[in-house]
Amino acid sequence: MPSSITSHSHRSTTKSSHKPFKSRKATKGALKELTKGKVGGSDLSHRKSPHQQLMSKFDRRNQARQKQQVKHKEHLRETNVFAGKDGAPRIVAVIPLCADGDAAAAVRCLSASLDIEANVPEEGTVRTDVDRFKQRIQYITLNRDLISCLDAGRVADFVLFILSPDQEVDQLGELIIRSVESQGLSTLLTVVQGLEKVEPPKRRPQVLSSLKSYITHFHPDQEKVHSLDSRQECANLMRSLCTVSPKGVRWREERSWMLVDDVQWPAIEGGNVVVTGVVRGKGLKADRLAQVGDWGDFQIDKIVAAPLASKKRRADEMTVDGVENILELPTEDQDDLADLAPEEVMMDDDADAAMSLATTDKRGVLLDDHHYFPDDETHLPAKPKRLPKGTSAYQAAWFLGDNFSDSGSDVEDYGEQGDVAMDKPALPQDGAEGLAPREPTEFAATEYAKSEMFLDPDPEDEVEAEQLAAFRKRTGDEAEDDREFPDEIELHPQVLARERLQRYRGLKSLRTSHWEEAEDRAHEPEDWRRLLAVADYKSARSQFTREALIGGVSPGTRVQVHLRNVPASLQTSYISSRPLTLFSLLRHEHKRAALNFNFSLSSDYPSPIKSKEDLIIQCGPRRFVINPLFSQGGNTSNDVHKFDRFLHPGTSAVATFVAPLTWGSVPTLFFKRNEAGSELPLTLLGTGTSLPPSSSRVIAKRIILTGHPYKIHKKLVTIRYMFFNREDVEWFKALQLWTKRGRSGYIKESLGTHGYFKATFDGRINPQDSVGVSLYKRMWPRNARAWSSIELEAKDVDMVE
């Protein structure tokens, strides 16, 4: 029998004792009591923003009301130009991307959804009044022409892309998409034409999904592809066109511009050409020059009001007794058509030019800002003295005589190193690049060494001489050679290097060494000193951009602009069905300057682009034919940048040429003409952005002369095949040598008459290493030429024939 039985009881489930709620520490009143008298709360390290502060309900409501009012004012300012019966029409560019697209039929479908009847041309402009939304829309119906699509896209408030449910977008359609997007695109809308023809009907949602996936690849913000076969979707699309505020294009809105509705040619020779349109952007001023399509830049004679006759006009806008209402006349501050500075500004530099053009006795290569002669040894370290053994450094400074034994037993060589000191930064042969690990700058250009079979110019060996001749006559790919052996050249043994490379100079450092410009005065272009020079680009750009904010004919006004001195030959090439635009240039935008553009070559383009090759550039409203110089970007202390012979796919460079200035960072398109028989008239190479112009930016073309170590004794090396005569060695003696593994040195002395020489390096070099020397020459940008679409049309006609 158990001694005791213990009883077990469960925890009570009907009674629970919770922790009491301490309301005195959690209510708002209690928290205010606790923080009463404290400034900034417990954390006084930083001031709290308004969002971090505890605001009352009244303050929050007031802040929301203020944000709403600001947003409403911005919306009214954006849409003010479209308001009213005489407001500006909303410009809609209708662009078909497929071969079976019909822009005129698309406009008819949109108008029919609101019961609007309009006579829509196959190509051209048409204006319709939308009474339901009290707006006016101006359609630009286009064919699949690249230049017309670009002209319409840069003045359109809305761009309407037409896709096909049956055909894919071909190469021309994709070129139009990329080009219109790259130049600056306002609000984009996408429609599909002929969706009802897709059978069976259950495939139609799949087709729409596929088209949306395609267009979002280029424009991810596209939410829907509208169907023109649905009347409801067309009505919704018209509502969007009439009520949505267009995003606009920044570079376009900084200027005054218009879409030309009509062009009136003068009846007599020498009269003014009158263009009619609605002012958009900033106010149109008669003092500024006007860029009209691809015609060129013209002065404005006067600006006259031209309201539509069908609308009721105010009394001040009506003509009285045939007197036209002049809104703007040019003043004394009107810009002229001179694109270069007057020749008088060059008179101050005549003395300097005469000194630079004077011939001097140059017996050595230019290194930075000094010519080193063969008998000038100042670029070398001091030779070590022969001193008695035990002489200290202090005694060596006072030692002048040589009254000691010549046996050599009681003397020693006094110097900082056993050979020649290489750690003196002030000496020309020293450079930070030579002593530091190899960087992709002016030395250590490649890891690949040429075969000695091609580098050994031994005239006594007939077999190798024939091989060398065959190597020189080869017709290899220059772009591949430039990628594998950048900047390397080979001198013929019979060519004197000092004459062949007379304009080249040496630099201690490509990024920091001073570039002596006096040596370039004899070779600079004739008009180089007359180009526009902008000392402070940022300040000047801000000044002239703000200048366009005040004055001029207000946006939304329909005007007639009278242009002076328009060539009569343009009348024969003018096609009224194609869009024509007018842009008002900012001050000084007609003057020529040395322009720089950051150019990125598309990785889709298959081959490299060579410098100075003919390209077509579109920068804002203007197009030019250019021969750009490619150079490396970045900021350097001496403003010297290495010239690139080729621009390889997927890489970027700075393209430099001489053309009229454009203020601001304007998107730029680079095209190339295609050969005869190609499906596309032009090929889009890539895009770029304008950089500040600069005439002081030096583009330095680099060449590399390479040699081969013949004998190596510690740091003393005998080198051959770099030069082929003694005079060339003496001429280039001051230049710094480098190896492709990072060693640096200098020429010590010439050996014989065949171009052999001794060189001293800062360390032992590898027998398989090659020795090089870098030389530089300044390149001058070329002038741009105005481009006309007539050239492209003539080429298309030839292709058809």
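Residues numbered from 1 in each chain as written. Predicted model: local features only at pLDDT ≥ 70, side-chain atom pairs only at ≥ 80, totals over all residues. Heavy atoms only, no water.

Points about the overall build of the protein
Within the protein one finds 19 helices and 36 strands. Put simply, the protein has 801 residues, and 46% of those count as buried. Carbon and sulfur atoms make up 50% of the accessible area of the protein, which amounts to about 43,600 Å² in all. (Helix = DSSP H or I, 4+ residues; strand = E, 2+ residues; numbered from the N terminus. Buried < 20%, exposed > 50% of the residue type's maximum accessible area, 1.4 Å probe, protein only. Areas by Shrake-Rupley, 256 points an atom, 1.4 Å probe, with all protein chains shown as cover.)

Considering the pairing of strand β32 (residues 736–739)
Of the two faces of β32, both are covered, the one formed by Gln 736 and Trp 738 as well as the one formed by Leu 737 and Thr 739. Pairing of β32 with strand β33 (residues 744–751), which is carried by 3 bridges, proceeds in the antiparallel orientation. Paired with Gln 736 across the two strands is Tyr 746, which belongs to β33. Between β32 and the antiparallel strand that follows it, β33, lie 4 residues; Gly 742 among them carries a positive phi value of about 100 degrees. (Pairing = 2+ DSSP bridges.)

Description of the packing of aromatic side chains
According to the stated counting rule, one finds 15 aromatic pairs in the structure shown. Ring geometry for Tyr 710 against Tyr 756: centres 5.6 Å apart, planes inclined by 90 degrees, an arrangement best described as edge-to-face. Within this pair, whereas Tyr 710 is found in strand β30 (residues 698–713), its partner Tyr 756 is found in strand β34 (residues 756–761), the two being separated by 46 residues in sequence. Tyr 710 gets classed as partly exposed once you look at its relative accessible area, which sits at 41%. On the numbers, 5.5 Å between centres and 10 degrees between planes, the contact of Phe 723 with Phe 732 is stacked. Across the pair, exposure class does not vary: Phe 723 and Phe 732 are buried alike. Through successive ring pairs, a cluster of aromatic residues spans Trp 251, Trp 257 and Phe 583. The side chain of Arg 90 reaches across the aromatic face of Phe 82, ending 4.5 Å from its centre. Arg 505 extends its terminal NZ or CZ atom over the ring of Trp 515, reaching a point 4.0 Å from the ring centre. (Phe/Tyr/Trp six-rings, centres within 6.5 Å; stacked < 30°, edge-to-face > 60°. Lys NZ or Arg CZ within 6 Å of the ring centre and 35° of its normal.)

Remarks on helix α3 (residues 103–112)
Considered for burial, the residues of α3 that qualify are Ala 103, Ala 104, Ala 106, Val 107, Leu 110 and Ser 111. Here the buried residues of α3 occupy an arc of 160 degrees about the axis, which is enough to place them on one side. The secondary structure elements touched by the buried residues of α3 are β1 (90–96), β3 (135–141), β4 (158–163) and α7 (231–243). In this structure Asp 102 caps α3, since a side-chain oxygen of it lies 3.2 Å from the backbone nitrogen of Ala 104. (Arc of directions from axis to C-beta. Contact = heavy atoms within 4.5 Å. Polar contact = N/O pair within 3.5 Å; in protein donor to acceptor, adjacent residues only side chain to side chain.)

Some details on a positive patch on the surface
Residues Lys 28, Lys 32, Lys 57, Arg 60, Arg 61 and Arg 65 make up a contiguous surface patch of positive charge. Of all the elements in the fold, those that place two or more residues in the positive patch are α1 (28–34) and α2 (57–79). When you line up the elements, Arg 61 lands in helix α2. (Patch = residues over 30% accessible without salt bridge, like charges linked within 9 Å, V, L, I, M, F, W, Y side chains within 5 Å. Salt bridge = Lys/Arg side-chain N within 4 Å of Asp/Glu carboxyl O. Lys, Arg positive; Asp, Glu negative; His and termini not counted. Charge placed at Lys NZ, Arg CZ, Asp CG, Glu CD.)

So, the nonpolar core
In terms of nonpolar packing, the biggest core is built from 75 residues, with Ile 95 and Phe 670 touching the most fellow members. When residues no more than four places from it in sequence are discounted, the contact partners of Ile 95 are Leu 142, Cys 149, Val 159, Leu 160, Phe 161, Ile 162, Ile 176 and Val 180. (Core = buried A, V, L, I, M, F, W, Y, C linked by side-chain atoms within 4.5 Å.)

Topic: unusual backbone geometry
Excluding glycine, a negative phi dihedral is what most residues carry, and trans is how most peptide bonds are arranged. Residue Pro 200 follows Glu 199 across a cis peptide bond; omega there is -5 degrees. Backbone geometry places Tyr 721, a non-glycine residue, at a positive phi of 70 degrees. Its location among the elements puts Tyr 721 in the loop between β31 (716–720) and α18 (726–731). Relative accessible area serves as the criterion here: at 16%, Tyr 721 is assigned to the buried category.

A closer look at the side chain of Ser 513
Relative to the elements of secondary structure, Ser 513 occurs in the loop between α15 (497–500) and α16 (537–547). Overall, the relative accessible area of 7% leaves Ser 513 in the buried class. Of note is the side chain of Ser 513, whose polar atom sits 3.3 Å from the backbone nitrogen of Lys 508.

Some remarks on the environment of Gln 299
Looking at the secondary structure, you find Gln 299 in the loop between β11 (296–298) and β12 (300–305). Overall, Gln 299 belongs to the buried group, its relative accessible area being 15%. C-alpha separation for the pair Gln 299 and Ala 286, spaced 13 residues apart in sequence, amounts to 7.9 Å. Other than its neighbours up to four places away in sequence, Gln 299 contacts Leu 289, Gln 334, Asp 335, Asp 336, Leu 337, His 562, Leu 563 and Arg 564. Among the polar contacts made by the side chain of Gln 299, one reaches the main-chain carbonyl oxygen of Asp 335 at a distance of 2.8 Å.

Considering the confidence of the model for the protein
On average, the protein scores 79 in pLDDT, and the residues at 70 or more come to 76%. Of all the helices and strands in the protein, helix α12 (residues 452–455) carries the lowest mean pLDDT, 36, while β4 carries the highest, 94. When the criterion is pLDDT under 50, residues 402–457 qualifies, and its contacts beyond four places in sequence or with other chains add up to 128 contacts. Segment residues 797–801: pLDDT under 50, and 3 contacts once partners within four positions in sequence are set aside and those in other chains are kept. (pLDDT = per-residue confidence, 0-100.)

Brief notes about the pairing of strand β35 (residues 771–779)
Along a regular strand, successive side chains alternate from one face of the sheet to the other. Among the 9 residues of β35, 9 are classified as buried, and the element is accordingly described as predominantly covered. Of the two faces of β35, the one carrying Val 771, Val 773, Leu 775, Lys 777 and Met 779 and the one carrying Gly 772, Ser 774, Tyr 776 and Arg 778 are both buried. In the sheet, β30 pairs with β35 via 9 bridges, with the strands oriented antiparallel. Residue Ile 703 lies in a different strand from β35, and its bridge partner there is Leu 775. The pairing of β32 with β35 spans 2 bridges and is antiparallel. Across the sheet, residue Trp 738 finds its bridge partner in β35, namely Gly 772.

Concerning the side chain of Thr 190
Inspection of the secondary structure assignment puts Thr 190 in strand β5 (residues 187–192). In this structure Thr 190 comes out as buried when scored by relative accessible area, which is 0%. In this structure the side chain of Thr 190 is engaged in a polar contact, spanning 2.9 Å, whose partner is the side chain of Gln 222.

A closer look at the sheet that holds β5
Taken together, the 6 strands give an open sheet; going across it, the order is β2-β3-β1-β4-β5-β6, and neighbouring strands pair in mixed fashion. The two strands at the open ends of the sheet, each matched to only one other strand, are β2 (124–130) and β6 (225–227). Here the average twist between neighbouring strands, direction ignored, is 30 degrees. Two strands pair when backbone bridges link them, and β1 and β4 are joined in this way by 5 bridges, in the parallel orientation. Bridge pairing in β4 places Pro 96 opposite Ile 162. Contacting β4, β5 and β6, helix α6 (residues 204–218) crosses the sheet at an angle of about 140 degrees to β6. (Axes fitted to C-alpha atoms, helices over the stretch in contact; angles between N-to-C directions.)

Some thoughts on the pattern of salt bridges
Following the criterion strictly, the structure yields 41 salt bridges and no others. Of the charged contacts in the structure, one is a salt bridge between Arg 280 and Asp 157, with a shortest N-O distance of 2.9 Å. Pair noted here: Arg 280 is in strand β9 (residues 280–281) and Asp 157 is in the loop between α4 (146–153) and β4, with a separation of 123 residues, a long-range link. Considered together, Arg 280 and Asp 157 belong to a single accessibility category, that of buried residues. Two residues, Arg 288 and Asp 333, come together in a salt bridge whose shortest N-O distance is 4.0 Å.

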